[in-house]
Amino acid sequence: MVVVANRLPVDLTVEEDGSTSWRRSPGGLVSALEPVMQAADGAWIGWTGSPDVEAEPFDADDMHLVPLTLSADEVADYYEGFSNDTLWPLSHDVISPPEFHRHWWDAYRRVNRRFAEAAAGLAAPGAVVWVHDYQLQLVPALLRELRPDLRIGYFHHIPFPPLEIFAQLPWRRQVVEGLLGADLVGFQRAGDAGNFIRVVRRLTDLAARGQLVTVPGHDGGEDRVVRAAAFPISIDSSRFDAMARRPEVRARAEEIRADLGNPAVLLLGVDRLDYTKGIRHRIKAYGELLAEGRLSVPDAALVQVASPSRENVEAYQQLRDEVEGLVGRINGEFGAIGSAAVYYLHHSYPPDEMAALYLAADVMLVTSLRDGMNLVAKEFVAACVDDRGVLVLSEFTGAADELSGALLVNPHDIDGLKDTIERAARMERKEMRARMRKLRRRVLADDVTKWSDSFLAALGAGVDGAEVPEQDVDHLRHAHQPHGEGPRGGDDA
C-alpha cells in the first residue's frame, strides 16, 4: 500500500548549525493514519514541511517515508495559495473569501502531477494507493493515466461544498475529473458525498445513480464505476484511553489544575489557529458570561490551546491578532494577579500532555463554524476515563452526526452558546456520567482501525459491495510486499 498525502507524518526541522531533525506533525490526518500505516508494510509519500529541502527516503515510527521536495515558489502558490486561499475557504462556507489566481492553479496542477509520478514509480503492480485530501484532488486521475493497474482510493478530510459554492471555482470540472480517477471517493459525512454526486450530475455528462458514477473507459476500454460514500474518520481511541489511565498522566492532570488555581470549572478549547474553528465566537461567549456574572474568575478559567497554522497566509495572521487582542481584553477586564480569565497557549503539545489537559478539563468547547470531522472532540471523550466531563460540540462538525451524548450548539448564536456553556459548567454529576458513558461507547467502538478497515474493504470490494475473500482484505490492509533489492525492496513498495 502507498499513502499519498500533502505532508509526511513528520516535519523536518533545520537547526541554526545546519543539522536536521524530524518531529511528529500536528493535525488530524497524522493522528488517523499513523496507526494504520504502522500496521501495514507500506510507504507514505509527502512533503517535508520545509521548502527547498531534499531528503532521501527513510524509516520512522514503523513507517517508510518518501519525502517530496517543494520549492519556495511551489509552497507559496500550490500550498499557501491554491490549497489554502482558494480550496480551503471555498470548502468551509466561504467564511473567508476565496481567491482565484491562474498561476496558483498552474502550480497546483504541476505539484499534483509530481505526487502522482512519485506514487506511480513506487507502487508495486496492482498495489493499493490511498490519496488524501484537498491538496491532491487531481492525483487520482493523473495516477490512473500512469498506472491503470492500481486500485486507487481517495479520502476527503474536509467538507465538500454544495454545488452553489463549488460552482464558483473556475477549474471546477478539472477537479471533479481528478477525483473521478479514483475507484472509491470517501467523505466524512453523507451530506458531503451527496454534494459531490450533485456536482458530478450538474457539471458532467456522466451517469450518476445513487452513490455510483459510471466513467467511460480509456481509449474505448471497459467502463469504470466510481463509488462516492461516507466513511466517518476516527482516532486510535484505545491508545488515548490507555494513555489517560497512566499514573503519570493523571498526576500531570492534577498538576495542571493546581497550576491554574484549582478552579471550580475548567473550560478547554484545543484547535489549530484557523478561522473555521470558531475560536473568536467561543472566547466572546465566555467573556460575556463573565461580564454578566454568570461565571466568575477565579472559580472559572478557560484554557485555549491554539496550535500554529499556515502562518504565512494573511487570513491566519489576521486571526491571530484578533484572538490575542480578544484574550488580552478579557484578561485585562476580568483577570487578577495569579488568576487569569483565559490561558492562551500558542503551541503544539505531545499526545500525553494533551491527554492530561483533557483529563483536567471539566468542559470541552468545540465550536467550529465548519469542520469535516473534528478529532479533538473524540480525543477528549477517549481520555475521559472517569466518565467525568462535558462535551459542547458544534452542530457544523462531522462529529455531531455521531456523538449524540454531546451538547450541540450553533456557534453563530452567541446567546445560545452562552446558555449551553453555562449548562455544561453546572451539569449534575448523574447527567454528566450518563452522557459521557454514551459518548465513550461510540468512540471506543468506532475507532480508526474500523474506519480504515471499512474504507479499504470497500475499495477492495468494488462498487457492488460484494464480499471480498478474506485473504484479499488482508492483502489490502497489510499492503504489498516490496520487490527487488535493498532494505525497502528497491523502488517498489
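Residues numbered from 1 in each chain as written. Predicted model: local features only at pLDDT ≥ 70, side-chain atom pairs only at ≥ 80, totals over all residues. Heavy atoms only, no water.

Student: Please clarify how the overall build of the protein chain should be interpreted in this entry.
Tutor: Helix and strand counts for the protein chain stand at 17 helices and 18 strands. For 493 residues, the compact-globule estimate of 2.2 N^0.38 gives 23 Å, and the protein chain sits close to it at 23 Å. Here the C-alpha coordinates of the protein chain stretch approximately 70 × 50 × 50 Å along the principal axes. Counting all 493 residues of the protein chain, 57% fall into the buried class. Partitioning the intrachain contacts of the protein chain with sequence separation of at least 6 by distance along the chain shows that 72% fall at a separation of at least 24. In the structure as shown, the protein chain presents an accessible area of about 19900 Å², 47% of it carried by carbon and sulfur atoms. Distance between charge centroids for the protein chain: 7 Å, based on 53 positive and 76 negative side chains. (Helix = DSSP H or I, 4+ residues; strand = E, 2+ residues; numbered from the N terminus. Rg over C-alpha atoms; globule rule 2.2 N^0.38 Å. Buried < 20%, exposed > 50% of the residue type's maximum accessible area, 1.4 Å probe, protein only. Contact = heavy atoms within 4.5 Å. Areas by Shrake-Rupley, 256 points an atom, 1.4 Å probe, with all protein chains shown as cover. Lys, Arg positive; Asp, Glu negative; His and termini not counted. Charge placed at Lys NZ, Arg CZ, Asp CG, Glu CD.)

Student: Can you walk me through the sheet that holds strand β18 (residues 407–409) in this structure?
Tutor: The pairing of strands in a sheet comes from backbone hydrogen bonds and takes either a parallel or an antiparallel form. Read from one edge to the other, the open sheet built from six strands follows the order β15-β14-β13-β16-β17-β18, with strand pairing classed as parallel. Unpaired on one side and paired on the other, β15 (342–345) and β18 mark the two borders of the sheet. Adjacent strand axes in the sheet meet at a mean angle of 20°, parallel and antiparallel pairs treated alike. Alignment of strand β13 (residues 265–272) against strand β14 (residues 300–307), held across eight bridges, turns out to be parallel. (Pairing = 2+ DSSP bridges. Axes fitted to C-alpha atoms, helices over the stretch in contact; angles between N-to-C directions.)

Student: Help me understand helix α6 (residues 172–179), please; the structure alone is not making it clear to me.
Tutor: Within an α-helix, residues lying three or four positions from one another point in the same direction, as the helix has 3.6 residues per turn. Within α6, burial applies to Val-175, Val-176, Gly-178 and Leu-179. The arc that holds the buried residues of α6, viewed along the axis, is 160°, so those residues lie on one side. (Arc of directions from axis to C-beta.)

Student: Hey, could you run me through empty space enclosed by the protein in this one?
Tutor: Over the atoms rolls a probe the size of a water molecule, and its path tells where empty space is left. The tally for this structure, following the rule as stated, stands at one cavity of 30 Å³ or more. When its volume is computed, the largest cavity comes out at roughly 50 Å³. Lining of the largest cavity is provided by Leu-87, Leu-90, Ser-91, Tyr-134, Gln-137, His-156, Phe-160, Pro-161 and Phe-166. Among the residues forming the lining of the largest cavity, the class breakdown is six nonpolar, three polar and no charged. (1 Å grid on protein atoms, 1.4 Å probe; cavity = no way out; pocket = protein on both sides within 12 Å on 5 of 7 lines; lining within 4 Å. Points joined across faces, edges and corners; volume = space filled by probe spheres on them. Nonpolar A, V, L, I, M, F, W, Y, C, P; charged D, E, K, R; others polar.)

Student: Is there a simple way to think about the packing of aromatic side chains in this case?
Tutor: Centre-to-centre distance and the angle between the planes together describe a pair of aromatic rings. According to the stated counting rule, one finds 20 aromatic pairs in the structure shown. Relative to Tyr-108, the ring of Trp-105 has its centre 5.9 Å away and its plane inclined at 25°; by these criteria the two rings are stacked. Placement of the pair is Trp-105 and Tyr-108 together in helix α3 (residues 102–122), with a separation of three residues, close to one helical turn. Residue classification places Trp-105 among the buried positions, given a relative accessible area of 4%. A relative accessible area of 0% means that Tyr-108 is categorised as buried. Among the aromatic side chains, those forming a connected cluster through ring pairs are Tyr-78, Phe-82, Trp-105, Tyr-108 and Trp-171. (Phe/Tyr/Trp six-rings, centres within 6.5 Å; stacked < 30°, edge-to-face > 60°.)

Student: Where do I start with a negative patch on the surface in this structure?
Tutor: A surface patch of like charges, here negative, comprises Asp-52, Glu-54, Glu-56 and Asp-73. Structurally, the position occupied by Glu-54 is in the loop between β4 (43–47) and β5 (58–60). (Patch = residues over 30% accessible without salt bridge, like charges linked within 9 Å, V, L, I, M, F, W, Y side chains within 5 Å. Salt bridge = Lys/Arg side-chain N within 4 Å of Asp/Glu carboxyl O.)

Student: What is the right way to look at the sheet that holds β5 in this model?
Tutor: With mixed pairing, the 10 strands of this open sheet are ordered in space as β5-β6-β4-β1-β7-β8-β9-β12-β11-β10. If you trace the sheet from one side to the other, it starts and ends with β5 and β10 (207–209), each paired once. Strand after strand, the sheet turns through a mean of 25° between neighbouring axes, direction not considered. As paired elements, β4 and strand β6 (residues 63–68) share five bridges and run parallel to each other. Looking at the pairing, Trp-44 lines up with Leu-65 of β6. Taken strand by strand, helix α7 (residues 190–203) contacts β9 (184–187), β10, β11 (212–215) and β12 (224–230), and its axis lies near 145° from that of β12.

Student: Teacher, can you tell me more about the layout of surface pockets here?
Tutor: Computed from the structure, the second largest pocket encloses a volume of approximately 720 Å³. Forming the walls of the second largest pocket are 24 residues, and the residues nearest its centre are Ala-141, Glu-145, Glu-177, Gly-181 and Arg-224. Among the secondary structure elements, those contributing two or more residues to the lining of the second largest pocket are α3, α4 (139–146) and α6.

Student: How should the side chain of Glu-74 be read in this particular structure?
Tutor: Among the structural elements, Glu-74 can be located in helix α2 (residues 72–91). A distance of 2.9 Å separates a polar side-chain atom of Glu-74 from the backbone nitrogen of Ser-71. Residue contacts for Glu-74: discarding those within four places in its chain leaves Thr-69, Tyr-79, Val-111 and Arg-114. (Polar contact = N/O pair within 3.5 Å; in protein donor to acceptor, adjacent residues only side chain to side chain.)

Student: Please clarify how the environment of Tyr-78 should be interpreted in this entry.
Tutor: Turning to its location among the elements, Tyr-78 is positioned in helix α2. By relative accessible area, Tyr-78 is classed as buried at 0%. Sequence separation between Tyr-78 and His-101 is 23 residues; the distance between their C-alpha atoms is 11 Å. When near neighbours in sequence (up to four residues on either side) are disregarded, Tyr-78 contacts Asn-6, Leu-70, Ser-83, Ala-107, Tyr-108, Val-111, Asn-112, Phe-115, Gln-135 and Leu-136.

Just distances and angles here, no functional claims.
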